[in-house]
Amino acid sequence: MADDDSRRPDPDTLLALAEKDRRGKLTVFLGAAPGVGKTYAMLSRAGRLKAEGVDVVVGLVETHGRGETAALLAGLEVLPRKQITHRGRALEEFDLDGALARRPRIVLVDELAHSNPEGSRHPKRYQDIEELIAAGIDVWTALNIQHLESLADLVAEITGVTVRERVPDVMLKKADEVLLVDLPPTELIERLKEGKVYLPDSASRAIDRFFRLGNLTALRELALRRTADRVDDQMVDYLKQHAIEGPWAAGERLLVCVGPDELSEKVVRVASRLASGLNAPWIVVSIERADREVGTTEHLHRIEALFRLAEQLGAETRRVVGNDFVEEILKLARREHATQIVIGARRNRGWRRLVSPSLPDALSRNAAGLGVYFVTPDRKEKSVAPARPAMPAIASYRQSALVALALVAATAALGKLVYLFAELPNISLLFLLAVLGAAVLGGYASAFIAAFLSALAYNFLFIDPVHTFTITAPHEVFALFVFLTVAIIAGGFASRIKEQARVARVRATALQSLYDFSRKLSTAGKADDANWVAVSHLQASLKRNIVLLLPDKNDLKVAAVWPPDTELDVTDFTAARWTCDKQEKAGLGTGTLPNSRFEFRPLMGPHGLVGVCGIQLGDERLDLNAERALSAILDQTAIALDRARLSEESVMQAAKIEGERYREALLSSISHDLRTPLATIMGAVTSLRQLGGRMTAESRNDLLQSIEEEGSRMSRFVANLLDMTRIESGTLKPKGDWVDVSDVVQSAVERARKYFPGKVIETGIATDLPLIEGDSVLLGQVLFNLLDNAVKYGGEEPVNVYARRDGQDVLISVTDLGRGIPPSEIDRVFEKFYRRGKPDGRSPGTGLGLSIARGFIEAMGGKIHAESPAVKKKGTRIVIRFPVGEKARTGKAT
């Protein structure tokens, strides 16, 4: 069994393959440098496929004036370019919408690393290509190796040229096919000198700067290595897909530690190259202190930029909060099964190495069983100390010094005053209070200054000889040294406690705000209420304009905005639709439609996308606390909207189930209550036709009577269905006549006696009954339905009908002495198609009589209810109440 499992295809690889089958395929023509023939090879291959009848079009190709390349465009369909005005210049760019509308099988889009002009849907061309692939269109493109993001620092070090246009490594990793277009460096230089790559003037400058033999050789090696890595990845994927026992080693997994220092960018790029070479997943992690904030806003933005770079290069990103960095890193490494840790390392020199060992050194000592890879600064790189949290202070060091000076001066004056009355040997304790006060008011810098000023003031004013800085007694020197040490330590602790308290207040405020939002959201029963709670709370928390959009059939609709005058333009709506379709961020500050005024984020619930939230950020970006609050609020809003949607669907499903139940009950009633009288009628008619001449007159009358009775039964059944339809549709409009209750009761009883001649129906009608306002026909139908129901379930006992006045109401009751109704079912007797079982197990009737009775009575302004047991612990009584006089008119109006 274990052997069979080992031969099964890898499920993750098969899922990735299935995902690729639903998308277009990406083919990258990769070269070491411009001029190696990437575009030429791409057009040559396209021409061959075109000749075979494949639908190949040219979306955009740059020939750079090369005649041999331009000649290959003959015979190929070339899509018109899009005209864009940028900084007063007319530019021709790739028409993404035109390619999507044309929808060929293969489209050629040159220069993968190209940056689109401002106003385009995407700032980078590779994002245009991603949209084409997502639409199911195959794309061919060309790329030079120096444009890969992870190689940017290495290429700059090799060539001395910083490449500005870059492509995330994941684009090459996601490519279905990578074709290396190779040319020896000497031949490329010859082509350059012949003017086949650039014009002569540009060619001479290129040879002197970029196209040197050493540069081209190094770039060629990078292209060959990256292509070899790609081929190796494809081989491993093939072996896993086909369950072939491969030679691949146990999987490596990298954990990369970064901070807000400048070296971290190099750490991320080096780690990306390591992960690519090892074909290993990697995680980038940033550790934050639990007792203090990360640092300045600049540091926060630098961390965010590093995370975006890592995600572009294919990494996962994590934030970890803790005080012991080494413990947290090793804990995460073990939890994620990392095999190597990558971290930046600077050499601590002098006393720092002894007093404060560096994080890389501490990791190397404690990372048992893990490889630790150190990334060091370049020699030419300016040495930058690791970023540290900003010193807490009132405003500046000058203000900190003033706070320390004022407190020490006040303490010295107080000490002199005390010394006039008593020469205390421990007067130095007053200066400790000054240091602690400076720490609380001005932070650590103020406490440090106050400690030194206190030592000087104490020496000058209280240690003999006074008013000099000379100390004659050795024990005074020792006491002063101890005082200074204690003051510095106490000031440091006080400053840290103050900072921790400040951070705790900030986090408590954020937590309270989140709790208030959760409480408001929990009381929002409808999706519309949740929408307004979310936008108003977000606007109050972030001080930004907020808009919330919800899916509406095939588009988006604005569900809530705050402030109410906030409006969206065409670009904003386009970005919001993109977020809805792709479930990715779009708009301001993103890679899609950055010209929008809003940043749009998808609201993802447990069952998929439930909405889109737009935040008008303006020029200021959100800090880390605001970003965390926004993420938490959006997550809770998504859950609330998903819950509201599920609640609505549950109600609809319940109504659907109820409708199905009614339909089944109706079909059951029809099959029984129509088939039975029809069978009786058909049998009687057949007997009369076949045996009518030989039957006695009495027998014929019996058959005719049965036909009449069953016909009447069918008529009542159809009438009940029609009455129920009128009630359900709201078309029932009873008359408002004055009705004599006694006449209606007697008429209904006489009608029932005709239908049920063997049944005893007793009546008791008061003589002082007032008139009621209603419809005598509907009331008579109700009483007949109640009598019919009482006859069915009352057994052999008589049925009683009473009518009397009860205060300001007229009360009518119909009572049978049958088995009665169980208490658990007393509230269900007026439901549609509810039928009580008889002792023999049958359930007679359609189950509509009492439901119709309730509909008629309530339409006339009355009330109806059931009581069971009715008399002597058995039977059922149905009671009807009607208001009389002025109350009748008021009750009906309400």
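Residues numbered from 1 in each chain as written. Predicted model: local features only at pLDDT ≥ 70, side-chain atom pairs only at ≥ 80, totals over all residues. Heavy atoms only, no water.

Chemist: Where do I start with the overall build of the protein in this structure?
Modeler: Helices and strands together make up the secondary structure of the protein, namely 28 helices and 25 strands. With 894 residues in all, the protein has 43% of them scored as buried. Sequence separation of 24 or more characterises 69% of the internal contacts of the protein that already satisfy a separation of 6 or more. Accessible area for the protein stands at about 47,300 Å²; split by element, carbon and sulfur atoms hold 54% of it. (Helix = DSSP H or I, 4+ residues; strand = E, 2+ residues; numbered from the N terminus. Buried < 20%, exposed > 50% of the residue type's maximum accessible area, 1.4 Å probe, protein only. Contact = heavy atoms within 4.5 Å. Areas by Shrake-Rupley, 256 points an atom, 1.4 Å probe, with all protein chains shown as cover.)

Chemist: I'm lost on the sheet that holds strand 6 (residues 106-109) in this one. Help?
Modeler: Sheet strands pair by backbone hydrogen bonding; their relative direction is either parallel or antiparallel. The strand order across the open sheet built from six strands is 3-2-6-7-1-8, with neighbouring strands paired in parallel fashion. Lying at the two open borders of the sheet, with one neighbouring strand each, are strand 3 (77-78) and strand 8 (177-181). Bridge count between strand 2 (residues 56-60) and strand 3: two bridges; the pairing is parallel. Considered in strand 3, the bridge of V58 is made with V78. Across the face of the sheet, helix 3 (residues 38-51) comes into contact with strand 1 (26-31), strand 2, strand 6, strand 7 (138-144) and strand 8 while running at roughly 160° to strand 7. (Pairing = 2+ DSSP bridges. Axes fitted to C-alpha atoms, helices over the stretch in contact; angles between N-to-C directions.)

Chemist: For this particular structure, what's the right way to read the packing of helix 26 (residues 776-793) against helix 27 (residues 849-859)?
Modeler: How two helices pack is summed up by the angle between their axes together with the distance between the axes. Their axes nearest at 9 Å, the elements helix 26 and helix 27 cross at an angle of 155°. Here helix 26 lies roughly antiparallel to helix 27, going by the angle between them. In this structure, the crossing between helix 26 and helix 27 has a hand that is left-handed. Contacts from L778, L779, Q781, V782, N785, L786 and N789 of helix 26 reach helix 27 at G849, L850, I852, A853, F856 and I857. Here the residues of the contact of helix 26 with helix 27 are counted per class, giving nine nonpolar, four polar and no charged. (Parallel < 35°, antiparallel > 145°, perpendicular 65-115°, else oblique. Left-handed = near helix turned anticlockwise from the far one by under 90°. Nonpolar A, V, L, I, M, F, W, Y, C, P; charged D, E, K, R; others polar.)

Chemist: Would you take a moment to explain the pattern of salt bridges for this structure?
Modeler: Any two side chains of opposite charge can pair if their charged atoms end up close together. Per the stated rule, a full pass over the model turns up 30 salt bridges. For D182, the salt bridge identified is with R220, shortest N-O distance 2.7 Å. A residue pair is termed long-range when its members are at least 10 positions apart, and D182 in the loop between strand 8 and helix 9 (185-193) and R220 in helix 11 (residues 213-241) qualify at 38 residues. Taking relative accessible area as the criterion, R220 reaches 25% and is therefore assigned partly exposed. A salt bridge links E599 to R601; its shortest N-O distance comes to 2.5 Å. Of the two residues, E599 and R601, both sit in the buried class. Put simply, E149, R166, E265 and R269 are held in one network by salt bridges that share partners. (Salt bridge = Lys/Arg side-chain N within 4 Å of Asp/Glu carboxyl O.)

Chemist: Just to check I follow, could you spell out the packing of helix 7 (residues 152-159) against helix 12 (residues 263-278) for this structure?
Modeler: Direction vectors running N to C along helix 7 and helix 12 enclose 100°, while the axes themselves pass 9 Å from each other. Taken together, helix 7 and helix 12 sit at an angle that is classed as roughly perpendicular. Contacts between helix 7 and helix 12 involve A152, D153 and L154 from the former and K266, R269 and R273 from the latter. Class assignment of the residues belonging to the contact of helix 7 with helix 12 gives a composition of two nonpolar, no polar and four charged.

Chemist: Whenever I open this one, the nonpolar core confuses me. Can you help?
Modeler: Within soluble globular proteins, side chains that are nonpolar tend to cluster in buried spots. Within the largest apolar cluster, 56 residues are counted, with the highest numbers of intra-cluster contacts made by L26, L108, L132, V139, L143 and I145. Other than its neighbours up to four places away in sequence, V139 contacts K25, L26, T27, V107, V109, I129, L132 and I133. Grouped together as the second largest cluster of nonpolar side chains are 42 residues, V749, L779, A803 and I880 included. (Core = buried A, V, L, I, M, F, W, Y, C linked by side-chain atoms within 4.5 Å.)

Chemist: Which parts of the structure should I look at to understand the packing of aromatic side chains?
Modeler: Any pair of aromatic rings gets described here by the distance separating the centres and the angle formed by the planes. Within the structure shown, the criterion is met by three aromatic pairs. Seen in terms of ring centroids, F598 and F600 are 5.9 Å apart; in terms of plane orientation they differ by 35°. Their pairing is tilted. Across this residue pair, the class does not change: F598 and F600 are buried. One cation-aromatic arrangement involves R45 over W140; the distance from NZ or CZ to the ring centre is 4.9 Å. When the ring centre of F784 is taken as origin, the NZ or CZ atom of R751, which lies over that ring, is 4.0 Å away. (Phe/Tyr/Trp six-rings, centres within 6.5 Å; stacked < 30°, edge-to-face > 60°. Lys NZ or Arg CZ within 6 Å of the ring centre and 35° of its normal.)

Chemist: Before we go on, may I ask you to explain the pairing of strand 2 in this structure?
Modeler: Each regular strand displays side chains that alternate between the two surfaces of the sheet. In terms of burial, strand 2 is a largely internal element, five of the five residues being buried. Judged from the four bridges that link them, strand 2 and strand 6 form a sheet pairing that is parallel. Within the sheet, the bridge partner assigned to V56 lies in strand 6 and is I106.

Chemist: How do you make sense of the sheet that holds strand 20 (residues 761-765) when you look at a structure like this?
Modeler: Across the sheet, which stays open at both edges, the five strands sit in the order 20-22-23-25-24 with mixed pairing between neighbours. Strand pairing shows two members of the sheet lacking a second neighbour, strand 20 and strand 24 (863-867), which therefore form its edges. The mean angle between the axes of side-by-side strands here comes to 15°, regardless of whether they run parallel or antiparallel. Across eight bridges, the pairing between strand 23 (residues 809-816) and strand 25 (residues 876-883) is antiparallel. By the bridge assignment, V814 is partnered in strand 25 with I878. Against the sheet, helix 25 (residues 741-755) engages strand 20, strand 22 (799-806) and strand 23, with an angle of about 175° to strand 20.

Chemist: Mind showing me how you'd approach helix 21 (residues 570-582) here?
Modeler: A turn of α-helix holds 3.6 residues, and therefore any two residues three or four places apart point the same way. Across its 13 residues, helix 21 extends 18 Å between first and last C-alpha, which sits within 8% of the 18 Å expected from 1.5 Å per residue. Where helix 21 starts, the residue carrying a side-chain oxygen 3.2 Å from the main-chain nitrogen of T571 turns out to be D569. Just downstream of helix 21 lies Q583, where phi reads positive at about 55°. (Expected span 1.5 Å × (residues − 1). Polar contact = N/O pair within 3.5 Å; in protein donor to acceptor, adjacent residues only side chain to side chain.)

Chemist: What should I look at first to understand unusual backbone geometry in this one?
Modeler: Excluding glycine, most residues fall at negative phi; most peptide bonds, likewise, are trans. A cis amide bond links W562 to the next residue, P563, at an omega of 0°. With respect to the helices and strands, P563 occurs in the loop between strand 15 (555-562) and helix 21. A positive phi angle, near 55°, is found at E111, a position not held by glycine. As for its position among the elements, E111 is in the loop between strand 6 and helix 6 (125-134). At H337, a position not held by glycine, the phi torsion is positive, near 60°. Position of H337 among the secondary structure elements: in the loop between helix 14 (325-335) and strand 12 (340-344). Residue H337 is classed as exposed on the basis of its relative accessible area of 64%.

Chemist: Can you help me understand the environment of T680 in this one?
Modeler: Among the secondary structure elements, T680 is positioned in helix 23 (residues 675-691). On the accessibility criterion, T680 (28% relative accessible area) is partly exposed. Taking the C-alpha atoms as reference points, T680 and E709, separated by 29 residues in sequence, lie 9.8 Å from one another.

Chemist: Whenever I open this one, a nonpolar patch on the surface confuses me. Can you help?
Modeler: A cluster of nonpolar residues, L414, L417, L420 and F421, forms a patch on the protein surface that exposes about 490 Å² of accessible area. Within the fold, L420 resides in helix 17 (residues 397-421). Looking at L420, the relative accessible area reads 69%, which means it is exposed. (Patch = residues over 30% accessible without salt bridge, like charges linked within 9 Å, V, L, I, M, F, W, Y side chains within 5 Å.)

Chemist: I keep staring at helix 16 (residues 359-366) and nothing clicks. Help me out?
Modeler: Burial in helix 16 covers these residues: P360, A362 and L363. In an axial view of helix 16, the angular spread of the buried residues amounts to 160°, which keeps them on one side of the axis. Buried residues belonging to helix 16 abut helix 14, strand 12 and strand 13 (371-375). (Arc of directions from axis to C-beta.)

Chemist: Explain the confidence of the model for the protein here, please?
Modeler: When pLDDT drops low, the exact placement of atoms in the prediction is not to be read closely. Predicted confidence across the protein gives a mean pLDDT of 77, with 78% of residues reaching 70 or more. Low pLDDT, under 50, characterises residues 1-6; the predicted model gives this stretch one contact beyond four residues in sequence or across chains. Predicted confidence is poor over residues 887-894, with pLDDT under 50, and the contacts of this stretch with residues over four places away or in other chains come to 11 contacts. (pLDDT = per-residue confidence, 0-100.)

Chemist: Would you mind showing me how to read the environment of K25 here?
Modeler: Following the sequence through the fold, K25 ends up in the loop between helix 2 (11-21) and strand 1. Those residues in contact with K25 that lie beyond four places of it in its chain are I137, D138, V139 and D176.

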